[in-house]
Amino acid sequence: MLRLSQDSGRGSNVSVIGSVTSLSAIHREVPRSTAAFADTCQHVEREVSERAGFAEREAQRWHLPCSVITRPSVSRDGFSQVESMPLSPTTLYTEEAHEIICEAYTYGYPLVLTDVIRQLMTSAGKGGVHRSPLNQFVHARAISENVAFGHYGADADMLHSIAWLNVAKEPTVLSVPDVHQRHYTMHLVDGWMIAFAALGARTTGNRKGHFAIVGPRWSGDIPTGIRVLESPTAIVWLIGRTQTHGAKDYSSVHEIQNQHGLTPLSLWGHTEAPEQPAPAMRDVALKATPSEQVARMDASTFFGRLNTLMSDNLPRTADAPALKRFSAVGVGPGRPFELRDDPVLARSVDGSVRTALARIVVEATKPSGRTPNGWEIQPNNVGSNETDYMWRAVVAFLNPGARPVEDGLSLHTSVDAEGVRLTGTHRYVLRFAKGHTPPVNGFWSVAVHNSRRAFVQNEIDRHAISSTDALKPHADGSVTLHIHHERPDKHSTSTWLPTPKDQFTLTMQLHWPQAEIVDRTWTPPSVERIS
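Attention here is on the structure that accompanies the text.

Rules and cut-offs
Residues numbered from 1 in each chain as written. Predicted model: local features only at pLDDT ≥ 70, side-chain atom pairs only at ≥ 80, totals over all residues. Heavy atoms only, no water. Helix = DSSP H or I, 4+ residues; strand = E, 2+ residues; numbered from the N terminus. Buried < 20%, exposed > 50% of the residue type's maximum accessible area, 1.4 Å probe, protein only. Contact = heavy atoms within 4.5 Å. Salt bridge = Lys/Arg side-chain N within 4 Å of Asp/Glu carboxyl O. Core = buried A, V, L, I, M, F, W, Y, C linked by side-chain atoms within 4.5 Å. Axes fitted to C-alpha atoms, helices over the stretch in contact; angles between N-to-C directions. Parallel < 35°, antiparallel > 145°, perpendicular 65-115°, else oblique. Nonpolar A, V, L, I, M, F, W, Y, C, P; charged D, E, K, R; others polar. Pairing = 2+ DSSP bridges. Polar contact = N/O pair within 3.5 Å; in protein donor to acceptor, adjacent residues only side chain to side chain. Expected span 1.5 Å × (residues − 1).

**Examining the overall build of the chain**
Line of reasoning, step 1. Of the regular secondary structure elements, the chain holds eleven helices and 20 strands.
Line of reasoning, step 2. The buried share of the chain, taken over its 531 residues, is 55%.
Line of reasoning, step 3. Put simply, 78% of the contacts in the chain that link residues at least 6 apart link residues at least 24 apart.

**Comments concerning the pattern of salt bridges**
Line of reasoning, step 1. Applying the stated criterion across every chain yields a total of 13 salt bridges.
Line of reasoning, step 2. With its nearest N and O atoms 2.6 Å apart, the salt bridge here joins arginine 182 to aspartate 249. Separated by 67 residues along the polypeptide, arginine 182 in the loop between strand E4 (172-176) and strand E5 (184-190) and aspartate 249 in the loop between strand E10 (235-243) and helix H5 (250-257) bring together distant segments of the chain.
Line of reasoning, step 3. Classification of arginine 182 as buried rests on a relative accessible area of 14%.
Line of reasoning, step 4. Notably, a salt bridge pairs aspartate 190 with arginine 316, separated by 2.5 Å at the nearest N-O pair.

**Re the nonpolar core**
Line of reasoning, step 1. Counting residues in each nonpolar core, the largest one holds 59 residues, and the members touching the most others are Tyr105, Tyr109, Val294, Phe303, Leu306 and Val331.
Line of reasoning, step 2. Among the secondary structure elements, those contributing two or more residues to this core are helix H4 (94-121), strand E3 (158-166), E10, helix H6 (290-295), helix H7 (299-312), helix H8 (320-326), helix H9 (343-364) and helix H10 (389-398).
Line of reasoning, step 3. Broken down by element, the residue count for this core peaks at 13 residues, all from H4.
Line of reasoning, step 4. Judged by nonpolar contacts, the second largest core, of 27 residues, contains Ile377, Leu409, Leu411 and Phe432.

**Considerations on the packing of H9 against H10**
Line of reasoning, step 1. In contact at an axis separation of 9 Å, H9 and H10 are set at 75 degrees when each is read in the N-to-C sense. The orientation of H9 with respect to H10, classified from their angle, is roughly perpendicular. Side by side, H9 and H10 meet where Arg359, Ile360, Val361, Glu363 and Ala364 of the first sit next to Met390, Ala393, Val394, Phe397 and Leu398 of the second.
Line of reasoning, step 2. Split by residue class, the contact of H9 with H10 holds eight nonpolar, no polar and two charged.

**A few points about unusual backbone geometry**
Line of reasoning, step 1. Phi at aspartate 461 is positive, roughly 55 degrees, even though this residue is not glycine.
Line of reasoning, step 2. Within the fold, aspartate 461 resides in the loop between strand E15 (444-450) and strand E16 (464-466).
Line of reasoning, step 3. Using a relative accessible area of 46% as the deciding quantity, one classes aspartate 461 as partly exposed.
Line of reasoning, step 4. Of note, arginine 520 is a non-glycine position whose phi angle comes to about 70 degrees, a positive value.
Line of reasoning, step 5. Tracing the backbone through its elements, the reader meets arginine 520 in the loop between helix H11 (515-518) and strand E20 (527-530).
Line of reasoning, step 6. Take arginine 520: its relative accessible area is 17%, and that puts it in the buried class.

**A closer look at the sheet that holds E20**
Line of reasoning, step 1. Judged by pairing direction, the sheet is mixed, and its four strands sit side by side in the order E18-E17-E14-E20 without closing on themselves. Either end of the sheet is taken by a strand with one partner, and the two such strands are strand E18 (496-498) and E20. Between one strand axis and the next, the sheet turns through 30 degrees on average, direction left out of account.
Line of reasoning, step 2. Of the pairings in the sheet, the one linking strand E14 (residues 427-432) to E20 comprises four bridges and is antiparallel in character.

**Brief notes about H10**
Line of reasoning, step 1. With respect to burial, H10 is a largely interior element, nine of its ten residues being buried.
Line of reasoning, step 2. All buried positions along H10 are accounted for by Tyr389, Trp391, Arg392, Ala393, Val394, Val395, Ala396, Phe397 and Leu398.

**Details of the side chain of threonine 244**
Line of reasoning, step 1. Within the element layout of this structure, threonine 244 appears in the loop between E10 and H5.
Line of reasoning, step 2. Here glycine 246 takes part through its backbone oxygen, which lies 3.3 Å from a polar atom of the side chain of threonine 244.
Line of reasoning, step 3. Aside from chain neighbours lying at most four places away, what touches threonine 244 is Ile143, Asp157, Met158, Leu159, Arg182, Asp249, Tyr250 and Val253.

**What to know about the environment of threonine 308**
Line of reasoning, step 1. By the secondary structure assignment, threonine 308 is in helix H7.
Line of reasoning, step 2. In the structure, threonine 308 is positioned 29 residues away from phenylalanine 337 in sequence and 9.6 Å away in space, judged by C-alpha atoms.
Line of reasoning, step 3. Among the polar contacts listed, one links the side chain of threonine 308 to the backbone oxygen of glycine 304, at a separation of 3.0 Å.

**Some remarks on H7**
Line of reasoning, step 1. The first and last C-alpha atoms of H7 sit 21 Å apart over 14 residues, in line with the 20 Å expected at 1.5 Å per residue.
Line of reasoning, step 2. If you check which residues of H7 are buried, you get Ala299, Ser300, Phe302, Phe303, Gly304, Leu306, Asn307, Leu309 and Met310.

**Considerations on the sheet that holds strand E7 (residues 209-214)**
Line of reasoning, step 1. If you walk across this open sheet you meet the four strands as E9-E7-E4-E11, and the pairing is mixed. Strands with a single pairing partner mark the edges of an open sheet, and in this sheet they are strand E9 (227-230) and strand E11 (261-264). Across the sheet, the axes of successive neighbouring strands diverge by a mean angle of 30 degrees, strand direction being ignored.

**Some points on the environment of glutamine 243**
Line of reasoning, step 1. Summarising the element assignment, glutamine 243 is placed in strand E10.
Line of reasoning, step 2. A sequence separation of 58 residues divides glutamine 243 from threonine 185, and the C-alpha atoms of the two residues are 9.0 Å apart.

**Brief notes about the environment of alanine 140**
Line of reasoning, step 1. You can see alanine 140 is positioned in the loop between strand E2 (138-139) and E3.
Line of reasoning, step 2. The class for alanine 140 is buried, based on a relative accessible area of 5%.
Line of reasoning, step 3. Ignoring anything within four residues of it in the chain, the contact list for alanine 140 reads Glu145, Asn146, Leu159, His160 and Gln257.

Okay, structure coming up:
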């Protein structure tokens, strides 16, 4: 029997002492200048138009107007409930207060987005594709049912198993079966979208096991034989992936998925756990994406939700300096944040919020990794970075629930060796020289997605080619994949990757990559256009 207490092996809670004063009192001290308004509008417009293409479209889509930005407020401290101290209106300058609001929004964006995703995916009555009540798995039974995380296409070589947990009151026991030689991963992502644990061949092996997922404030006894995984937050997102060898293999994957289990610790050992009811459909816009829903929030909604969430999803110790700074504008665990009594002030702070969102969108359009031979390779700190708050927000925006690079790396390209857009009107090959196929401990694959990041229907029902397929090397030891729309007439379909007639993107998945990939020693070949 393992005994856990609240402070066993965990970071201590942050304690920050701040000052308190009235938001409206500070705001009244700030002159409202037409010139300042114009300068601010130009400032925001420059940020949004810095990247003319994608950023401009996203800004228009999400209604990112420029707005008057005056000095917002100072409110009470974020962590401690200490008595307030007077603060002079001259303590914060307009631009400084605006920057603090922007920084606080960027800091809190992953947590609020995570909660919106959780609410959306747990709000369906009896479950369904992508949706299931809290503490219950929902399984993708075909690759078409996989979750397309963020701005990338869904996995073509794994079937997903997704669950959302709330471990604020008690631990949940995760049970996984023996998957034998099949590759699988199970990542546990906290409320801040940081992967804090990973199960699978790399870390825990492929045999069956039981794991108690313990929240940050729980203390008690864990039965013998159950390994403990300590979550920094009450919200936990389980993202499981099980290797599939195509549609003919689905039934075998389903048998594995059906053996995944989630049991409240208080019911551990009981023969059957009661079904958890789905939460009510409060304020859930099922037709809007999670990022769109966050983009529509005004400052009061966003920061009110953030402050509430931080009560059970505590900031890390490393966040103490940031939280001390944010306390000046009323951002902190459990604190009220309400601007509706002062519409002028609300518009000002809303302007800062929209500027912050514009910065995230603009940053997300910039190349985030190396692009050797036209392939964009994600940086190594995807899914694990903690204190670079802008990068963390960008990762949440682009690829929510990102896995650590040690378990998988995704490469994407939409251009050939000459930098020309890939399209189904041309034929391409991807040649791996002898000894230069991707060095992985798991397996690798190359998949096709159309311009909408969806799979493409084709006559052989193939969406990816994998290293586990029968890839016959040439006499010189090289391996060639043939990528085009028309059915091949001179070579075997075993190496044919069908494409749509129009534009498409290739995604290379490297599961459990070796050191040469992680340290960027290995370089993927370019996609060659052939006549």
